[in-house]
Amino acid sequence: MSQSPKHLAIAGATGAVGIEILKCLEQRDFPVSQLTLLASARSAGKKLTFRGEEIEVKELTPDSFEGVDIALFSAGGGISETFAPHAVAAGAIVVDNSSAFRMQEDVPLIVPEINPGDAPGTSGIIANPNCTTIVSLMALNPMHKAFGGIKSIIASSYQAVSGSGAQGIAELEAQVDAIAKGEPLPDRNVYPCQIAFNVIPQVDKFQENGYTKEEMKMHFEGQKILHAPDLKASVTCVRVPVYRSHAVSITAVFNDKPDVAAARAAIDAAPGVRVVDNPFADTPEFPTPLDCTDGDDCLVGRIREDLVLDNALTFWVVGDQVRKGAALNAVQIAELL
Ligand code: NAP
């Protein structure tokens, strides 16, 4: 990489995604001249380690961005809406992990392996797509290119509790602990019902059409990222009692007749995604959330011709949603800059 070192700021540095961004910057040797770590007043004064050096976390304020070249936001949509304009006004380029700006026309929505060249726009903000959408598109894009474009997707997700941040993990742990000890369940703060030993078919708020906001993200963000305005996605997002990495079962209908061997070859030739699919091995091989966790690549298995729909393949894709679904993707966008 031949970038000149940059002054980076991370808004939300103490969160699940913020901490992972620090890891990705270290592991990818991103050229950093200065690092400003920002969070709420609760975390001000706390120290985080970057490349062996302790850096004090400061409270995020409108004045936090003086001299900052790139501001990576991962503190929730409301915080991005309030503070990203201040970062842009101070001359920084914002890479935003929230959904606040994703569908704005002047904001590119980028997965670096898929649409790195999308117009920079005029807002000074680049959006990181939804995590389930990134994981799904990493598998879909090579097939989209190989089989004349995707027409539609029917999918169900299996989403880890870390997708709800540190609080999601804490709620699952507290419930498992109470059940193991035979104690009453503690009060819930995150999920609408018990998540331990259960699955919950609701991620995010319900919309008027009966889908949730999370489910509609795959539809709208998929269209924008793949430049496929006619793409339709019918998605059911489900929270499962898994700590980390989202899995998605997808049936995709293509314009051309797809072929399993060609799909495998296209996926394996694409960056950031690999096939793990050997159903007839002595121990059948397919990817699970544990296989992806802490890794960069999304893994695809169970690829087969769909028995119901014409020109369709059904498959399973798994990816670390804190990493490729958020932190790594944001750092890759920063590398593009
Ligand atoms: P998290 O673990 O709950 O962390 C939230 C971060 O935001 C913390 O650093 C927190 O600081 C900071 N924050 C909260 N209120 C703030 C305020 N008023 N001012 C300044 N900072 C504030 O959440 P997360 O999972 O990292 O998610 C962060 C963002 O990334 C969200 O927009 C989320 O939708 C998105 N995202 C998350 C995932 C995922 O898998 N977790 C995936 C894709 C995208 P304190 O520590 O001081 O509270």
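Scroll up for the structure.
Residues numbered from 1 in each chain as written. Predicted model: local features only at pLDDT ≥ 70, side-chain atom pairs only at ≥ 80, totals over all residues. Heavy atoms only, no water.

1. Remarks on the sheet that holds strand 1 (residues 6–11)
Moving on, step 1. Taken in spatial order, the seven strands line up as 3-4-2-1-5-6-7 in an open sheet, and their pairing is mixed. For this open sheet the edge positions go to strand 3 (47–50) and strand 7 (125–127), each flanked by a neighbour on one side alone. Neighbour to neighbour, the strand axes of the sheet diverge by 25° on average, direction disregarded.
Moving on, step 2. The pairing of strand 6 (residues 93–96) with strand 7 spans three bridges and is parallel. Along strand 7, the bridge assignment pairs Val 95 with Ile 126.
Moving on, step 3. Along the sheet face, helix 1 (residues 16–27) touches strand 1, strand 2 (32–39), strand 3 and strand 5 (70–73) and points at about 25° away from the line of strand 3. (Pairing = 2+ DSSP bridges. Helix = DSSP H or I, 4+ residues; strand = E, 2+ residues; numbered from the N terminus. Axes fitted to C-alpha atoms, helices over the stretch in contact; angles between N-to-C directions. Contact = heavy atoms within 4.5 Å.)

2. Observations concerning the nonpolar core
Moving on, step 1. Counting 55 residues, the largest nonpolar core has Phe 65, Ala 71, Phe 73, Ile 250, Phe 315 and Val 317 as its most contacted members.
Moving on, step 2. If you tally residues by element for this core, the top one is helix 3 (residues 131–146), at seven residues.
Moving on, step 3. Counting residues domain by domain, this core receives three or more from each of domain 1 (6–128 + 326–336) and domain 2 (133–321).
Moving on, step 4. Counting 27 residues, the second-largest nonpolar core is a separate cluster that includes Leu 8, Val 32, Leu 72 and Ile 126. (Core = buried A, V, L, I, M, F, W, Y, C linked by side-chain atoms within 4.5 Å. Buried < 20%, exposed > 50% of the residue type's maximum accessible area, 1.4 Å probe, protein only. Domains from an automatic or database assignment.)

3. A short note on the layout of surface pockets
Moving on, step 1. By volume, the largest pocket is sized at about 1,500 Å³.
Moving on, step 2. Ala 75, Gly 76, Gly 163, Ser 164 and Gly 165 are, among the 50 residues lining the largest pocket, the residues nearest its centre.
Moving on, step 3. Broken down by secondary-structure element, the contributors of at least two residues to the lining of the largest pocket are helix 1, helix 2 (77–89), helix 4 (166–181), helix 5 (213–226) and helix 8 (323–336).
Moving on, step 4. Class assignment for the residues of the lining of the largest pocket results in 18 nonpolar, 23 polar and nine charged.
Moving on, step 5. Counting contributing residues per domain, the lining of the largest pocket is built from domain 1 (6–128 + 326–336) and domain 2 (133–321), each supplying no fewer than three.
Moving on, step 6. By volume, the second largest pocket is sized at about 220 Å³.
Moving on, step 7. In terms of lining residues, the second largest pocket is bounded by Ser 99, Arg 102, Met 103, Gln 207, Lys 213, Met 216, Lys 217, Phe 220 and Glu 221.
Moving on, step 8. Classifying every residue of the lining of the second largest pocket gives three nonpolar, two polar and four charged.
Moving on, step 9. Of the residues that make up the lining of the second largest pocket, three or more belong to each of domain 1 (6–128 + 326–336) and domain 2 (133–321). (1 Å grid on protein atoms, 1.4 Å probe; cavity = no way out; pocket = protein on both sides within 12 Å on 5 of 7 lines; lining within 4 Å. Points joined across faces, edges and corners; volume = space filled by probe spheres on them. Nonpolar A, V, L, I, M, F, W, Y, C, P; charged D, E, K, R; others polar.)

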